[in-house]
Each structure stands twice: as structure tokens, then as C-alpha cells.
Amino acid sequence: MEDNVSKIKDRLSVVDVISGYLKIQKAGVNFKAPCPFHNEKTPSFFISPERQIWHCFGCQRGGDIFTFVKEMEGVEFPEVLRILAARAGIELAEFDSTIKDSKDRLYQICESSARFFEKQLGHSNTGLQALKYLSNRGLKDATIAQFRLGFAPNTWDALSGYLRSSGFAEKEIVDAGMVVKRQVPSSKFQVSSSIYDRFRSRIMFPISDINGRVVGFTGRIFEVPTPEGVETSAESVGAKYINTPQTLIYDKSRILYGLDHSRGDIRKKNKCLLVEGNMDAIMSYQTGVTNVVASSGTALTPMHLAILKRYTGNLDFCFDADSAGAMATKRGIGMALGQDFGVKVVSLDDPDCKDPADYVKKYGKKWEQVADSAKPVVEFYFDKAKESYSPESAESKKNVILTVAPFIKRLSSRVERAHWVNKLAYLLR
């Protein structure tokens, strides 16, 4: 193990490793960045290339590349070793053979499940219909392969049977969130347990962590057209979208869909486009707007924003046009302004398109222009309020203030606040 650690340190620079997580800048012979472990406005996190260490003078944490990745990923040393060995191109066969921790088994189950779903999409009869549906939605074969989309067959035990035959125990499959365990009364005095596949008749979107390891799934219902007069079971259909529940390796408050693909482009462009759905992110990525992530139907959390802050301080919102999407946008914007992000809003210029996926399918490359035309958040809501403003109505004036003032209040710059208060006063006379 000590030999592996030395090899990794020889091949990986502390600057390269940390820059994969944070946006760093030169500071003399060293580098600096805002500390990812506590909130601060003035960077106190320093990296020394010469000594191959890092230290934060604010929270007093520090160490080498191993301690940094351990803190950032929230994993134990064996997992850190695997992550850094993969980046360094070092084989850890001898060490890996001795590690059978529970998290590793869950990663294996999720990866096996992803491969199973991928194969079903391309080879089963219903899977081929789902593939045709995705093509009709505008997805190219290369994109489907890149994001590893798949299909869960409409059976109760296809996946669980496959995983069992692959050597995984029932408890492990349950712990990975791939199946549901239920108690079935077999007699008046006895109860026998059974499991059934969580995802059935669904188009599957694998969810990966920042290192590209599959940790969970989103499943979108796919109903095969049935002959006239044949009813579809409500139990087999279920909700339109379902997700993997919380597990040892999947924490929805920390995972942003597509970040493993887009983090480099987010850092390069110094801004992130945040959309709501998996298809929105994939279609945007396919058409060239690659600095995109999706909340994947989950409410945006402070941890999501803290993770994005490692790559950029600028966030563009483009959530669905319905009322739920509008509410989610406002909540997310409030949190982002509270964490000192530069916030803008992307507005779709076609009311018939309710989300970015629809827009990309209809207009293609024009999406790049729309995404680049995001308005600063207060300007966006100010212009929106003006559209329905009536200067003769006290109620209208009140509504304008209720729409715009909460965002002005969140601005950290006193100059910006004063500017918008003056604009608001002038509008309302």
C-alpha cells in the first residue's frame, strides 16, 4: 500500500488534483481558492506545489492530495486510493482483491444494473420501441450511448434475477435501491419476504457521481401502446418519474445530473446553466451548450450550490415554464444569491416550448444563442413585472414590489441594490 501511495504522489500534482474540484488562481509561487469546507468571501485556502500540500488559514484544515479527496468525497482511505490511482493510471489489483466494503459492492450493483438496462434498450422488443421514442424526442445514438440511457423491462424480477445470478446477495440489491422489499403474509401466523424490481417499463437515466461512477437512476415511465379496449394496470405504470432512494452511495442533496460530463466546460466558461430535467440537460449538451447540469426533479439544496461553487461563481437558471418550475426557480435563485453567485435567468422565446428539451428539438442550434442571452436576475423580474404594470392601480404597484423587491434585498452589492431601488421608485413614480 505504501508503494502505491508513493507512486500516486509521484504522478499526480496537488495543483492538478485540487483544480479538478476548485477554481484556483495563482498567488506568487502558490495557488489560492475559496475554501470548500467553510463559507468565506476572501480566499484563505492555499496550495503549495513545492511542498505538495494544501492548507486553509480560515478553518485550519490541511494535508496532501489524499486528505483533500477524502474530505471532498466523504469516503474512506481505500476508496480515495482507488480514485487517485485511476487518475494516475496505476493498477491496484493486489490491494483491490482485499477490499470488499459495502460501498464497493453497491457501486458494482449500480454499474451492473446500468449495463443490464443499456442492453435491454438495444435488444428487447419493447426496448427498441423506447429507443425509437428517444430518437423522436431528438436524441442521437451517440448521445444515448454517451449518457448510457437504458430500459427497464415491464417485469417484476428481470433485474433482480440478473443481479442474483451475477453473485449479489438480496440484502445488497435492496441496499443499492434497485429493488423493493415487501412483506407478504403467506398465512395467518407466518410472513415471508420477497423483493421486486423498483424500475419497470421505464426509460432509465443513470445518475453518476463526480468521478463518473453510477450511484443511482431516474426512471421515466414508458407505456407501450396497447390495443383498443385493453386496460393498462395502474400498479404497473406508477408515477411518471421515480428515482433511486437515499443509499450509502447516493445522496440526492449532493448529486447534480450531468456534472461528471460538464464540470470542465463549466470551469472553462465560468458559468453553469442549471435546468430541471435529465432530458433538458442531455439535449442541451447534445446541441453544444455543454456547461449544463440538471437538478433532476429534486429541489436545489445548499450542498448543490456549494459543489457548483468549486467550478464557478455564475449560475444561469432555466427551469420549466409551469408554475412548479417558476416556484423552483425563485427558491433556487434566493439560495444562490445568498451564496454570492452571479445569477441570471434564461427565458424561452417560444411559449409553446415548456422546457429546454422541447426548445432544442424544435430549434436546434438556436438554443446556444438563447442560453447566451440570459438576463441578470433582477432585470429579468423587473421586465416581467413591467409587462402587466398599471400605473393607475395601487394593487398593481404592490404586485410589482412583491415580484422584484425580494431579489433586490438578496443582492450583496450595495451599489446594485441602490440602482434597482431607484429604478423601482422611478417606475412607481
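Above this text is the structure in question.
Reading the values: the criteria
- Residues numbered from 1 in each chain as written.
- Predicted model: local features only at pLDDT ≥ 70, side-chain atom pairs only at ≥ 80, totals over all residues.
- Heavy atoms only, no water.
- Helix = DSSP H or I, 4+ residues; strand = E, 2+ residues; numbered from the N terminus.
- Rg over C-alpha atoms; globule rule 2.2 N^0.38 Å.
- Buried < 20%, exposed > 50% of the residue type's maximum accessible area, 1.4 Å probe, protein only.
- Contact = heavy atoms within 4.5 Å.
- Areas by Shrake-Rupley, 256 points an atom, 1.4 Å probe, with all protein chains shown as cover.
- Lys, Arg positive; Asp, Glu negative; His and termini not counted.
- Charge placed at Lys NZ, Arg CZ, Asp CG, Glu CD.
- 1 Å grid on protein atoms, 1.4 Å probe; cavity = no way out; pocket = protein on both sides within 12 Å on 5 of 7 lines; lining within 4 Å.
- Points joined across faces, edges and corners; volume = space filled by probe spheres on them.
- Nonpolar A, V, L, I, M, F, W, Y, C, P; charged D, E, K, R; others polar.
- Pairing = 2+ DSSP bridges.
- Axes fitted to C-alpha atoms, helices over the stretch in contact; angles between N-to-C directions.
- Core = buried A, V, L, I, M, F, W, Y, C linked by side-chain atoms within 4.5 Å.

1. Some remarks on the overall build of the protein chain
Here comes step 1: Within the protein chain one finds 20 helices and 16 strands.
Here comes step 2: Its C-alpha atoms give the protein chain a radius of gyration of 25 Å, near enough to 22 Å, the size a compact globule of 429 residues would have.
Here comes step 3: Viewed in the frame of its principal axes, the protein chain has a C-alpha envelope of about 75 × 70 × 50 Å.
Here comes step 4: Looking at the protein chain as a whole, 46% of its 429 residues are labelled buried.
Here comes step 5: By sequence separation, contacts in the protein chain at least 24 residues apart represent 61% of the contacts at least 6 residues apart.
Here comes step 6: By element, 51% of the accessible surface of the protein chain is carried by carbon and sulfur atoms, the whole surface being about 21600 Å².
Here comes step 7: For the protein chain, the centre of its 60 positive side-chain charges and the centre of its 51 negative side-chain charges are spaced 4 Å apart.

2. Comments concerning empty space enclosed by the protein
Here comes step 1: Taken as a whole and judged by the stated rule, the model has one cavity of 30 Å³ or more.
Here comes step 2: Its volume calculated, the largest cavity comes out at about 60 Å³.
Here comes step 3: Ile 207, Tyr 250, Lys 252, Ile 255, Leu 256, Tyr 257, Ser 295, Ser 296 and Thr 298 are the residues that line the largest cavity.
Here comes step 4: The residue makeup of the lining of the largest cavity, split by class, is five nonpolar, three polar and one charged.

3. Considerations on the sheet that holds strand 12 (residues 272–275)
Here comes step 1: As summarised here, the arrangement of the five strands in space is 13-12-14-15-16, forming an open sheet in which the pairing is mixed. This sheet does not close on itself; its edge strands, each paired only once, are strand 13 (292–294) and strand 16 (375–376).
Here comes step 2: Here strand 15 (residues 342–345) runs beside strand 16; their pairing, made up of two bridges, is antiparallel. Bridge pairing links Val 345 to Lys 375 in strand 16.
Here comes step 3: Sheet strands touched by helix 13 (residues 278–286): strand 12 and strand 13. Its angle to strand 13, the strand with the most contacts, is close to 165 degrees.

4. Quick notes on the nonpolar core
Here comes step 1: In this structure, Leu 149, Met 178, Tyr 257, Leu 273 and Trp 367 are the most contacted members of the largest nonpolar core, which totals 58 residues.
Here comes step 2: For this core, the leading source of residues is helix 6 (residues 102–123), giving eight residues.
Here comes step 3: Setting aside residues no more than four positions away along its own chain, Met 178 makes contact with Ile 109, Ser 113, Phe 117, Leu 159, Leu 163, Ile 173, Asp 197, Arg 198, Phe 199 and Phe 217.
Here comes step 4: The next biggest cluster of nonpolar side chains, apart from the first, holds 38 residues, and it includes Val 293, Leu 315, Ala 328 and Val 343.

Limitation: the analysis is restricted to geometry and does not speak to function.
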